[in-house]
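Spelled out, the chains give:
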Amino acid sequence: YTSYANGERALYLEGRINYDRLFGKHRVGALFLYNQRNYQVAAGSSIDALPYRDQGLAGRVTYSYDDRYFIEGNFGYNGSENFASGNRFGFFPAGAIGWIVSNEKFMGGVTHIIDMLKLKASIGQSGNDEIGGGRRFVYLPTIVGAYGTYWGTSHTYTGGTAVGEYANEDVSWEVSTKTNVGFELSLFNALRLQADYFYERRKGIFVQLQSLPDYVGVSTMPWSNVGKMQNQGIDATLEFDKSFGEFFLSARGTFTYARNKQIDNDQPDYIDKYRNRNGQKYGQQFGLIALGLFKDETEIANSPSQFGTSYLKPGDIKYKDLNGDGKITDEDQTFLGYPNQPEITYGFGFSAGYKGFDLSMFFQGNARVSFFIDPRNTSPFVNYDAGDRIGVQQCLDVIANDHWSENNRDIYAFWPRLSPTLVDNNMVTSTWWMHDGSFLRLKTVELGYTFSQKALKKIGVQSLRLYLTGSNLLTFSKFKLWDAEMGNNGLG
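What counts, and at which threshold
- Residues numbered from 1 in each chain as written.
- Predicted model: local features only at pLDDT ≥ 70, side-chain atom pairs only at ≥ 80, totals over all residues.
- Heavy atoms only, no water.
- Helix = DSSP H or I, 4+ residues; strand = E, 2+ residues; numbered from the N terminus.
- Rg over C-alpha atoms; globule rule 2.2 N^0.38 Å.
- Buried < 20%, exposed > 50% of the residue type's maximum accessible area, 1.4 Å probe, protein only.
- Contact = heavy atoms within 4.5 Å.
- Areas by Shrake-Rupley, 256 points an atom, 1.4 Å probe, with all protein chains shown as cover.
- Lys, Arg positive; Asp, Glu negative; His and termini not counted.
- Charge placed at Lys NZ, Arg CZ, Asp CG, Glu CD.
- Salt bridge = Lys/Arg side-chain N within 4 Å of Asp/Glu carboxyl O.
- Patch = residues over 30% accessible without salt bridge, like charges linked within 9 Å, V, L, I, M, F, W, Y side chains within 5 Å.
- Phe/Tyr/Trp six-rings, centres within 6.5 Å; stacked < 30°, edge-to-face > 60°.
- Lys NZ or Arg CZ within 6 Å of the ring centre and 35° of its normal.
- Polar contact = N/O pair within 3.5 Å; in protein donor to acceptor, adjacent residues only side chain to side chain.
- Core = buried A, V, L, I, M, F, W, Y, C linked by side-chain atoms within 4.5 Å.
- Pairing = 2+ DSSP bridges.

A.B. asks: Go over the overall build of the chain, please, and point to the residues and values.
C.D. replies: Across its full length, the chain carries four helices and 25 strands. A compact globule built from 492 residues would reach a C-alpha radius of gyration of about 23 Å, whereas the chain, at 31 Å, exceeds it by more than 25%. With the C-alpha coordinates of the chain rotated into their principal frame, the extents come out at 90 × 65 × 55 Å. The proportion of buried residues among the 492 residues of the chain is 32%. A fraction of 60% describes how many contacts in the chain between residues 6 or more apart in sequence connect residues 24 or more apart. Total accessible area computed for the chain in this model is approximately 29500 Å², and 55% of it derives from carbon and sulfur atoms. If you average the places of the 48 positive and of the 52 negative side-chain charges in the chain, the two averages end up 8 Å apart.

Rendered as structure tokens:
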């Protein structure tokens, strides 16, 4: 039990049973843990005055034979205050197997090549109760302020109340089922490779319902455990470490490819399939397809109506009418490019040395990622107000040199027509502003020389190293305007 000066109090209870025994070539282990927490913060509201409570029981049983075969079973039985009685406890099992092939007798003839080879696989579940965006007791309703009424001859106003979030006592754990298959390989006592394939299916994600029709009459759409996602990919690491006399080389590379897909978020099943979010990736951008810039008033008059039609001018962005209804609306939005988080991330580098000299380099990169320039924060000459800085936004050199104008009627110019105010039609998310965010960067380089102790001893110095280091010296990217990692705001 712990009490703090600011009024916080915490009570923890934990129990542990541990067993480990060797029977010849057989090894058996078991571990069981019980924990209970009662944590109360300094009361700032009626909700804060209620203590946080959770408890759980976890267990693990392991078995191995002759350092070759391994089996492990785990479970968690956890309780959370966030759910109503009957849904508070969740049971989450897991299991794993491993086989060190290199310890088998039939591998004896290649042990000078293969130092270690291990195959492994696992499957298991985990639960998440941190749902509701930080709101406690998500199964209970909330009450919010609402429109009131005027009373009496004096027209005294009294505010009203309404249901904010609707009660849902069926809310429970978000459950993730994960599978992993991989191997570990070591060759010549120098080269090590580890690779894993992973697959995850997540269900019970807490999302706000979208498919309820308007005639249901709710003031806000309820939340429920109906969301589903899947994620799969490859994770690999390659390492090399070897000395050759006075020369040494150490290198390492990592690679991750992860691709997810949204299975269900209670989205209506649109007749226009290009609008469906289900089946797309998390973080997938949606927007309009840009066909270029309007070249003249005639083209505007003969094109589908779109945002701010009465204000459209030559040099504004022209969009594709996907559903063919003769007008550009949100119903013409579709998925564009890659998600805003890279599907591939990687890095590689090395450290090498000879006698007193050493050199190290490290590269990092990502791929299969898109971002959109934010035209509202990049448009030149429009009013800018950041509190302490008031004026107009800067004009990037690329905009000054490549924008649509009477003298440059290029319908594929980098920037539409210039304006001292924001042109709403041109601010819409579309392929016009979409760019490839992948890059490869030389993150760090260091060159050094360490003086020998024999030379330093003459001047009474124990150690001395001189070095030159650099950061972000080179970047390779299809996007040239600014650092691709800055994303959409080049003036940020």
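Having seen the model, we can carry on.
A.B. asks: Let's hear about the pattern of salt bridges: which residues, and what values?
C.D. replies: Here the structure, examined in full by the defined rule, presents 22 salt bridges. Here Asp 20 makes a salt bridge to Arg 27, at a shortest N to O gap of 3.1 Å. Among the residues examined, Asp 20 registers a relative accessible area of 48% and is labelled partly exposed. The exposure class assigned to Arg 27 is partly exposed, which follows from its relative accessible area of 39%. Here Asp 358 ties to Arg 465 by a salt bridge, and the two come within 2.8 Å at their closest N and O atoms. Remark: Arg 465 occurs in strand β25 (residues 465-476) and Asp 358 occurs in strand β19 (residues 357-367); sequence separation between them is 107 residues. You can call Asp 358 buried: its relative accessible area is 16%. Among the ionic contacts, a cluster of salt bridges with common partners joins Asp 66, Arg 68 and Glu 104.

A.B. asks: Can you explain a nonpolar patch on the surface? Please cite residues and give values.
C.D. replies: A cluster of nonpolar side chains, namely Leu 57, Tyr 77, Phe 89 and Phe 91, defines an oily patch on the protein surface of about 380 Å² accessible area. Within the secondary structure layout, Leu 57 lies in strand β4 (residues 52-65). Residue Leu 57 is classed as partly exposed on the basis of its relative accessible area of 34%.

A.B. asks: Residues and numbers for the side chain of Ser 430, please.
C.D. replies: Its location among the elements puts Ser 430 in the loop between α3 (397-401) and β23 (434-436). Setting aside residues up to four positions removed in sequence, Ser 430 forms contacts with Leu 288, Ala 290, Tyr 319, Leu 336 and Phe 372.

A.B. asks: Can you lay out the packing of aromatic side chains for me, pointing to particular residues and giving the numbers?
C.D. replies: Tallied over the full model, the rule gives 18 aromatic pairs. A centroid spacing of 6.4 Å and a plane angle of 80 degrees characterise the contact between Phe 307 and Tyr 319, whose relative ring orientation is edge-to-face. Here Phe 307 is found in the loop between α1 (297-301) and β16 (317-319), whereas its partner Tyr 319 is found in strand β16, with 12 residues between them in sequence. The exposure class of Tyr 319 is buried, given its relative accessible area of 1%. Of note, Arg 136 hangs over the ring of Tyr 52, and the distance from its end group to the ring centre comes to 3.6 Å.

A.B. asks: How would you explain the side chain of Ser 172 if you had to name every residue and give the values?
C.D. replies: Within the secondary structure, Ser 172 sits in the loop between β9 (156-163) and β10 (174-187). Only 3.4 Å separates the side chain of Ser 172 from the backbone oxygen of Asn 87, close enough to count as a polar contact. Sequence-distant contacts of Ser 172, that is, excluding residues within four places in its chain, are made with Phe 83, Asn 87, Ile 131 and Asn 225.

A.B. asks: I'd like to hear about a positive patch on the surface, residue by residue, with values.
C.D. replies: A contiguous patch of positive charge, built from Arg 201, Lys 203, Lys 228, Arg 259 and Lys 261, is present on the exposed surface. Broken down by secondary-structure element, the contributors of at least two residues to the positive patch are β11 (191-208) and β13 (247-264). Inspection of the secondary structure puts Lys 261 in strand β13.

A.B. asks: Please provide a residue-by-residue account of the nonpolar core, values included.
C.D. replies: Core analysis: the biggest nonpolar cluster contains 21 residues, and Leu 293, Ile 317, Tyr 319, Ile 373, Trp 432 and Trp 433 have the highest contact counts within it. At the level of elements, β15 (290-293), β16 and β20 (370-372) are the ones that each hand at least two residues to this core. If you look at the next biggest cluster of nonpolar residues, it comprises eight residues, including Phe 92, Ile 131, Val 138 and Phe 206.

A.B. asks: Tell me what's going on with the environment of Asp 54, and back it up with residues and numbers.
C.D. replies: By the element assignment, Asp 54 lies in strand β4. Among the residues examined, Asp 54 registers a relative accessible area of 25% and is labelled partly exposed. Residues Asp 54 and Arg 88, 34 residues apart in the sequence, show an inter-C-alpha distance of 9.4 Å. For Asp 54, the residues in contact, after removing those within four places along its chain, are Asn 35, Gln 36, Arg 37 and Gly 79. Only 2.9 Å separates the side chain of Asp 54 from the side chain of Arg 37, close enough to count as a polar contact.

A.B. asks: Can you tell me about the pairing of strand β24 (residues 439-450), naming the residues and giving the values?
C.D. replies: One ladder, built from 10 bridges, connects β19 with β24; its direction is antiparallel. In the strand pairing of β24, Phe 362 is matched with Thr 444. Bridge analysis of β24 against β25 gives 10 bridges, and the strand direction is antiparallel. By the bridge assignment, Thr 450 is partnered in β25 with Arg 465.

A.B. asks: Go over the pairing of β19, please, and point to the residues and values.
C.D. replies: Pairing analysis gives 11 bridges linking strand β18 (residues 344-354) to β19, with the strands arranged antiparallel. Counterpart to Thr 345 in the pairing with β19 is Asn 366. What sits between the antiparallel neighbours β18 and β19 is a turn of two residues, in which Lys 355 has the positive phi angle 55 degrees.

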